[in-house]
Amino acid sequence: MAVMSTPGRLPAQATGRGATGDPAFRRVALILATSVIIVVIAMLINMTWESRESLNQFGLGFLVGQVWDPVHLVFGALPFIYGTVITSLIALLLAGFVGLGTAIFLAEIAPGWIRTPLSFLVELLAAIPSVVYGVWGIFILGPFLKSNVVPGLKATLGGTPFFQGAFYGQSILTASLVLTIMVLPIVAAISRDVILTVPASQREAMIGLGATRWEVISRAVLPYARTGILGALILGLGRALGETMAVTMLIGNRGQITPSLLKAGDTLASVLANQFAEAQAGLQRSSLVELALILLVISLAVNAVARLLVARAGQAQGAGRI
Amino acid sequence: MAIQAQPLTEGKPIRDLRRGPANFQTRRVRSNVMLGLVYVAVAATLIPLLAVLTWVFVQGLPALNVDFFTKLPGPADDPHQGVANSIVGTVQLLGIASLISVPLGVGAGIYIAEFGGSRYNTLLRFATDVLSGVPSITIGVFVYALVVLPMRSFSMLAGGIALALVMLPILIRTTEEMLRLVPGAVREAALALGAPMWKTIMRYALPAALPGIVTGGLLAMARAAGETAPLLFTALGNNQWNTGITQPVDALTLKVFFYAGQPYEIWRRESWGGAVVLTLMILITSILARLATRRRAGR
């Protein structure tokens, strides 16, 4: 190992006067750092323990149970898993295309003077608190959809099962749209960063072959950046799955499985936000903690996949293969 | 999380352009259509953003007056009420959260940047990533079980701990990245003059990285101040002034959430007012952070 001139890193040993304090300093830093690992492990253990009653009572059937009845103490997670998955997938689908388009614009097309302020705006979109989106969704987007969009949807697609039933402003559709707006900046910002790392020589080679501007993007830039873009989408998915406040305020909070996007639904996060504070100790609270545990495990898995992708991209680069 | 682009294969030929429509005219039209769609995507990103910002300011700014910042919440028919206790509560919660997360986060960042074997550092970074990806509502559930149940009371302390867990991964990341930007020569110079390692880090490396760490800390606080979900069953909310660290406390985000669901005009107005205060806070912090980073980058 190089001892000198390793940028941003210390040599392995120092021997000067007062170096006796070093092991202690190092140990303190180690303890502080290890706290992160302890928190993550404690979370998993603690939540498994707190949901033991529900785990014992329902077992794996909890995942497919369709009834959530605090009065008769029957609990099943399926309606909430369904709501979480459906809202996240709609949001990811819409945000994927729009976000990628915005990333292409920011990295490939936009002139320099517009790039910086626009990037800043997109990042700002990511920083606005979830509850603010919720307020906007309740008072602005919901009524707007009700009077301007839903009648048109029902007129054209009303025959399909996706747009059945009355629309009251709070629905799976409203929640998914606001979720889209919240996921968009993540997808756009990370995809932009990835696209910016594509070497200019790749573009120049395509231009040299007589490619049009779009062909340069679609055949040189995007294939080169695809692993990173996939990573951006998965990180966006992670955000969508766990998003709580805006969804709670907009989805209508009814645990039902319905294909209609105009009806109310509920997600893992939103049912927690609504019921946990008033939950009865015992089976109800235990079942709610199990919902949180499911959410935690899903987000751990999504994170691990995103990380694996990144690692594989790094390896592939070293080996010169895709 | 650093995501890198992948190189094209060596030896694998770039796809033959002739596989597309051979006619250049057709290809050019297609190119323009696709670029047009890119502009549509940009519009689809910008319009919601501008719509959110516009409505928050249009609806929220008129709700801001002296009462909003100085009075306690009142019944729905009282026109002279405010959310002063919520604003103070948010500040109190941020104070507790910072007291916990800054030492932990900066210490962990120092360890990852300056010490640590590569394998343990990978584990630490993974745990940091995991923690920053954990849905904030599950942090609330965790802290409920950890603090609220044993204390038998919702409390400011529980809310502060929950927000500390939100801030922690951001602080670790920022500290690590900023310390890595400090040239190794700074450390080597200090060590060569006989300074021990802890002094080298605390007196020379850390101060050099401090502006960046402070910026990151501000962003972490802004992020925490905008969080609602971890506070729902930790800090709980309160319509009075908070009386102690073991008592429930209000936060601006909680008021915005609860008032938005109420049918009374005055509470809805307070909700918009809270939304605009939160948005302004994010806006100002982001602009300050951007200015600070730009100045550093330009130097």
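See the structure shown above.
Below, the structure is looked at part by part. This is a predicted model, so every value here is computed, not measured.

Thresholds, definitions, all that
Residues numbered from 1 in each chain as written. Chains lettered and ligands numbered in written order. Predicted model: local features only at pLDDT ≥ 70, side-chain atom pairs only at ≥ 80, totals over all residues. Axes fitted to C-alpha atoms, helices over the stretch in contact; angles between N-to-C directions. Helix = DSSP H or I, 4+ residues; strand = E, 2+ residues; numbered from the N terminus. Left-handed = near helix turned anticlockwise from the far one by under 90°. Nonpolar A, V, L, I, M, F, W, Y, C, P; charged D, E, K, R; others polar. Contact = placed C-beta atoms within 7 Å. Core = buried A, V, L, I, M, F, W, Y, C linked by C-beta atoms within 7 Å. Buried ≥ 20, exposed ≤ 12 C-beta atoms within 10 Å, placed from the backbone. Parallel < 35°, antiparallel > 145°, perpendicular 65-115°, else oblique.

## Topic: the packing of helix α3 (residues 84-114) of chain B against helix α6 (residues 156-181) of chain B
Residues and elements named next belong to chain B. Orientation of α3 relative to α6, taken along the N-to-C sense of each, is 30°, at an axis distance of 6 Å. Where α3 crosses over α6, the two elements pack in a sense that is right-handed. Along the lines of polarity and charge, the residues of the contact of α3 with α6 split into 22 nonpolar, 7 polar and 3 charged.

## A word on the interface of chain A and chain B
Between chain A and chain B, the residue contacts involve 105 residues of the former and 92 residues of the latter. Ranked by residue count, the leading element in the side of chain A that touches chain B is helix α1 (residues 21-50) of chain A, at 18 residues. Here the side of chain A that touches chain B is composed, by residue class, of 67 nonpolar, 27 polar and 11 charged.

## Here we look at the nonpolar core
Formed by 177 residues in total, the largest nonpolar core has its most connected members in L272(A), A292(A) and M167(B). Sort the elements by how many residues they give to this core and helix α7 (residues 172-196) of chain A lands first, with 17 residues. In this structure, A292(A) is in contact with M47(A), L272(A), I137(B), T138(B) and V141(B), ignoring residues within four places of it in sequence.

## What about unusual backbone geometry?
Outside of glycine, negative phi angles account for most residues, and trans bonds account for most peptide bonds. Residues and elements named next belong to chain B. The residue R152 is not glycine, and still its phi comes out positive at about 60°. Inspection of the secondary structure assignment puts R152 in the loop between α5 (136-151) and α6. Of note in the backbone geometry, L236 takes a positive phi value of approximately 75° without being a glycine. If you trace the backbone, L236 turns up in the loop between α8 (197-225) and α9 (252-260).

## Quick look at the packing of α7(A) against helix α9 (residues 213-242) of chain A
Residue and element names in this part refer to chain A. Contact pair α7 / α9: the axes reach a minimum separation of 8 Å and the direction vectors enclose 150°. In this view, α7 runs roughly antiparallel relative to α9, as classed from their interaxial angle. Handedness of the crossing formed by α7 with α9: right-handed. Together, L179, M182, V183, I186, V187, I190, S191, V194 and I195 of α7 and V221, A225, G228, I229, G231, A232, L233, L235, G236, R239 and A240 of α9 make up the contact between the two elements. Considering only residue class, the contact of α7 with α9 consists of 15 nonpolar, 4 polar and 1 charged.

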